[in-house]
Amino acid sequence: MCLAIPAKIIELQEQDSAVVDIGGVTKRINISLLPGLVEGDYVIVHVGYALSKVDEAEAEKTLALFVEMDDLATGGV
Amino acid sequence: MKYIDDFRDRDLIDKLIQSIHRDVQTDKQYRLMEFCGGHTHSLYRYGLLELLPDNIKMIHGPGCPVCVLPRGRLDNAIVLAEHPDVILCSYGDMLRVPASGKKTLLKARAEGGDVRMVYSTTDALQVARDNPDKQVVFFAVGFETTTPPTASVLKIVEQQEIKNFSVFCNHVLTPPAMRGILAQDDVTIDGFVGPGHVSTVIGRDAYGFAARDYGKPVVVSGFEPLDLLRGIQLLVRQLNEGRSEVENEYSRAVTDTGNTVAQQLMDEVFSLREQFEWRGLGMIPGSALQISDAYADYDAEKRFNTPPVSSSDHNACECAAILCGRKRPEDCKVFGTACTPENPLGSCMVSSEGACAAYYTYGRHQKRIAS
Amino acid sequence: MSKVTYLRKLDVKCGTIEMSHGGGGRAMSQLVEELFMKYFDNELLRQQNDQASFAVPAGRMVMATDAHVISPLFFPGGDIGSLSIHGTINDVAMAGAKPLYLAAAFVIEEGFPLSDLERVVASMAKVSKTAGVPVVTGDTKVVERGNADGLYITTTGVGVVPEGIQLSGDLAKAGDHVILSGAIGNHGMAILSQRQNLSFSTSIESDSAALHTLVEEMLKASSNIRCLRDATRGGLAAVLNEWAQQSEVGFTIDEQQIPVHEQVAGACELLGLDPLYVANEGKLVAVVPADESAAVLNAMHNHPLGQEAAIIGEVVNDARRFVSMQTRYGGTRMVDWLTAEQLPRIC
């Protein structure tokens, strides 16, 4: 139920469609569930639909947490 | 691939594993259920289980919509496919699942039924447009991740009055299923790894009940190795500190309230079934969706009068216990012998993310046999 | 030989195949002459007999045959024609044999455009000439509309194995190294990208290629190669599992050593497919004694088709005959022997 993948919107099209890019592979998907998208946004795609926008700031924060791990004492969050 | 490769960084994974090993308390058992079949699949395919400390036991949950679909519903789908005027469109996952008498959708196709694999509901709609003389039935399965695409296409079909399209709806819901598991008598689960992509739709707040009503922590996690391991770590820390909260590891894709556009669409197009049979788990109230009255014209069950078909599993099948964490695949007498992915006897073996199938396909080499 | 004259030349641009083209009469003769012989042109074929007769060099003969039913007929990086020539050359070469001659039988659907047939035949002739393995005999049949998916091709090849070379799937021994000749998954994903209902675009091309000269270089570097197979349907995973059964051993491989091109990886992620099981048409796997693998690898790196070759694992003792893989993340997983082809999944 969860095979979904982050993909970059490279072109917005008519009728709630967009073309996305995943590692050089492009695919046409439906964006009707996410109003307000622009080219360059990253979205989570499942069965040909964009379900959620990737929040780049949150992504950076999550990654940064991993990098800091070494310095964290046990029990901290 | 952006947002994929970064979360597969080997060095960071090694560090995270070491950190988890430091976090676990040696005298404590951590029994964590990863609800989602996609997480089960990731654990096995990436080989993560053996990297975890021994006192973390991952219990594989029923979040595999292919696995929990009752065989009777698949029988219904096959009968629909065999109808001379029907083109049955289905996601690839369902095509080889055996129904009663070991029949599958692919076998039905070999015998003349028009069964077409689609990647998306929009493809199914296109089949309907291309074949105006046929009735296209879309075989809808899946949790809340997969439900909005079905809702979306139904809305289009209703607006444009596309008469040769209908949906055979088998969508199921995550929070009621979790409640169903937690409501059992001898629950041996300490916390949940929450399904990442379902949560992009339903939002982090949907899991509040687990913490509030049952005192179980939930950490919503993504699917890359770093995400999954971090979700496990956060659960370990909550349990160490006696907390039971809902945390969101997958914050780059999951918000507190989820995708409200998708939720509104689902509310409009679907209504709740009073109860639904889950293969291996039995009847769970309020756990599944049916097409709402406003869209009844496009409900394949009504259009084709599909009868309820009940079907029970082999009596040696231990899926019910495995799905709730009381037993492991290896504990089942027929695991790997009479019951294999090629010839599945129960729900856990039916798709590659079912607990038994995942263990069989990716993990059975771990079983030490004296050679 | 006196040339037969036909009232009208074959209308290759706009004409289509008719039942008479398979009927054994003048129409068929004209098709053979003006299309097949024109492109495959070689001395043996020019004799226009139903069979080709040739001297057999000394040594063990090898024969292999394949039926090709691929759809679509034309895809990025090749077509059913080039695929059929490469495929049979490779089957012969995997025995360590030098491929000598090919036969090609065509089953064509009534109504099939002659222009497409010409395209396929021209492609076959081109790769056959490049590989130096001529098509010396063939057959044509036409079936009624609705059969044969347009075109089916069966190719058969013969070759000769030099003295002292013994390659077989049951010869793998614990401690041997496993070498893969290059990146996997390209062919299968190139084909899938053409399937209408999956509609994704890539620049992935099929890796269809004749591997016999690569094999020749490998055999020069070591005469002790144990097993050799091209990783076609079922992918790398199928080859290793078959060998595990035949040799009664296990394999352990290292995911980090297995090359996969970025777009292939992306397309696999999108569809939920595992590259280990995706078909290739220009990649081989070899089992080589450990002390000779470096020499074989070096020879492969110096050949255009082996530049991404890598040692990906080794043979181990295992009564269960499992193939297991060390994942990129430090854990292990089995590479199970699937019953049937992978299907794209949503879960």
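Whatever comes next refers back to the structure up there.
Reading the values: the criteria
- Residues numbered from 1 in each chain as written.
- Chains lettered and ligands numbered in written order.
- Predicted model: local features only at pLDDT ≥ 70, side-chain atom pairs only at ≥ 80, totals over all residues.
- Heavy atoms only, no water.
- Helix = DSSP H or I, 4+ residues; strand = E, 2+ residues; numbered from the N terminus.
- Rg over C-alpha atoms; globule rule 2.2 N^0.38 Å.
- Buried < 20%, exposed > 50% of the residue type's maximum accessible area, 1.4 Å probe, protein only.
- Contact = heavy atoms within 4.5 Å.
- Areas by Shrake-Rupley, 256 points an atom, 1.4 Å probe, with all protein chains shown as cover.
- Lys, Arg positive; Asp, Glu negative; His and termini not counted.
- Charge placed at Lys NZ, Arg CZ, Asp CG, Glu CD.
- Buried area = accessible area lost by both parts, 1.4 Å probe.
- Salt bridge = Lys/Arg side-chain N within 4 Å of Asp/Glu carboxyl O.
- Polar contact = N/O pair within 3.5 Å; in protein donor to acceptor, adjacent residues only side chain to side chain.
- Nonpolar A, V, L, I, M, F, W, Y, C, P; charged D, E, K, R; others polar.
- Disulfide = S-S within 2.5 Å.
- Pairing = 2+ DSSP bridges.
- Right-handed = clockwise from strand over helix to strand, strands pointing away.

**A word on the overall build of chain C**
Here is step 1: A tally of regular secondary structure across chain C gives nine helices and 14 strands.
Here is step 2: Its C-alpha atoms give chain C a radius of gyration of 22 Å, near enough to 20 Å, the size a compact globule of 347 residues would have.
Here is step 3: If one aligns the C-alpha atoms of chain C with their principal axes, the spans along those axes are about 70 × 55 × 35 Å.
Here is step 4: Considering chain C as a whole, with its 347 residues, one finds that 55% of them fall into the buried category.
Here is step 5: Put simply, of all contacts in chain C between residues at least 6 apart along the chain, 85% involve residues at least 24 apart.
Here is step 6: Just so you have it, chain C exposes about 14,800 Å², and 48% of that area is on carbon and sulfur atoms.
Here is step 7: Put simply, chain C has 26 plus and 40 minus side-chain charges, and the middle of one group is 5 Å from the middle of the other.

**Comments concerning the interface of chain B and chain C**
Here is step 1: Taken together, the 39 residues of chain B in the interface contact 33 residues of chain C.
Here is step 2: Of all residues in chain B, Arg45(B), Tyr119(B) and His365(B) give up the largest surface area on contact with chain C, accounting jointly for 20% of the area buried on that side.
Here is step 3: Applying the counting rule to chain B against chain C returns three salt bridges.
Here is step 4: Here Asp274(C) and Arg45(B) are joined by a salt bridge, their closest N and O atoms 4.0 Å apart.
Here is step 5: At the surface where chain B touches chain C, the tally comes to ten residue pairs in polar contact (both at pLDDT 80 or more).
Here is step 6: When residues of the side of chain B that touches chain C are traced back to their parent elements, those giving at least two are helix H1 (10-23), helix H2 (37-45), helix H3 (65-68) and helix H15 (355-363) of chain B.
Here is step 7: In the side of chain B that touches chain C, the residues fall into 18 nonpolar, nine polar and twelve charged.

**Examining the state of the cysteines**
Residue and element names in this part refer to chain B.
Here is step 1: By the definition in use, this model includes one disulfide over all chains.
Here is step 2: With a sulfur-sulfur separation of 2.2 Å, Cys 64 is cross-linked through a disulfide to Cys 67. Disulfide Cys 64-Cys 67: the torsion about the S-S bond is 70°, which places it as right-handed. The same class applies to Cys 64 and to Cys 67, which are both buried.
Here is step 3: Cys 348 takes part in no disulfide bond, and the closest cysteine sulfur, belonging to Cys 319, lies 3.2 Å away.
Here is step 4: Judged by its relative accessible area of 1%, Cys 348 falls in the buried class.

**Quick notes on the pairing of strand E4 (residues 98-109) of chain C**
On a regular strand, one side chain projects to one face of the sheet and the next to the other, so that they alternate.
Residues and elements named next belong to chain C.
Here is step 1: Where E4 lies against strand E6 (residues 151-161), ten bridges are found, and the strand directions are antiparallel. Pairing of Lys 98 across the sheet is with Val 160, part of E6.
Here is step 2: Pairing between E4 and strand E5 (residues 135-143): eight bridges, direction parallel. Pairing of Ala 105 across the sheet is with Asp 139, part of E5.
Here is step 3: Crossover E4 to E5 through helix H4 (residues 114-131) is right-handed.

**Details of the interface of chain A and chain B**
Here is step 1: Facing 38 residues of chain A, the contacting portion of chain B comprises 51 residues.
Here is step 2: Our count for the contact surface shared by chain A and chain B stands at one salt bridge.
Here is step 3: The partner of Lys2(B) in a salt bridge is Glu56(A), with the nearest N and O atoms 3.7 Å apart.
Here is step 4: The interface formed by chain A and chain B contains nine residue pairs in polar contact (both at pLDDT 80 or more).
Here is step 5: For the side of chain A that touches chain B, the secondary structure elements donating two or more residues are strand E1 (5-13), strand E3 (25-30), strand E4 (42-46), strand E5 (49-53) and helix H1 (56-68) of chain A.
Here is step 6: For the side of chain A that touches chain B, a count of residues per class yields 22 nonpolar, ten polar and six charged.

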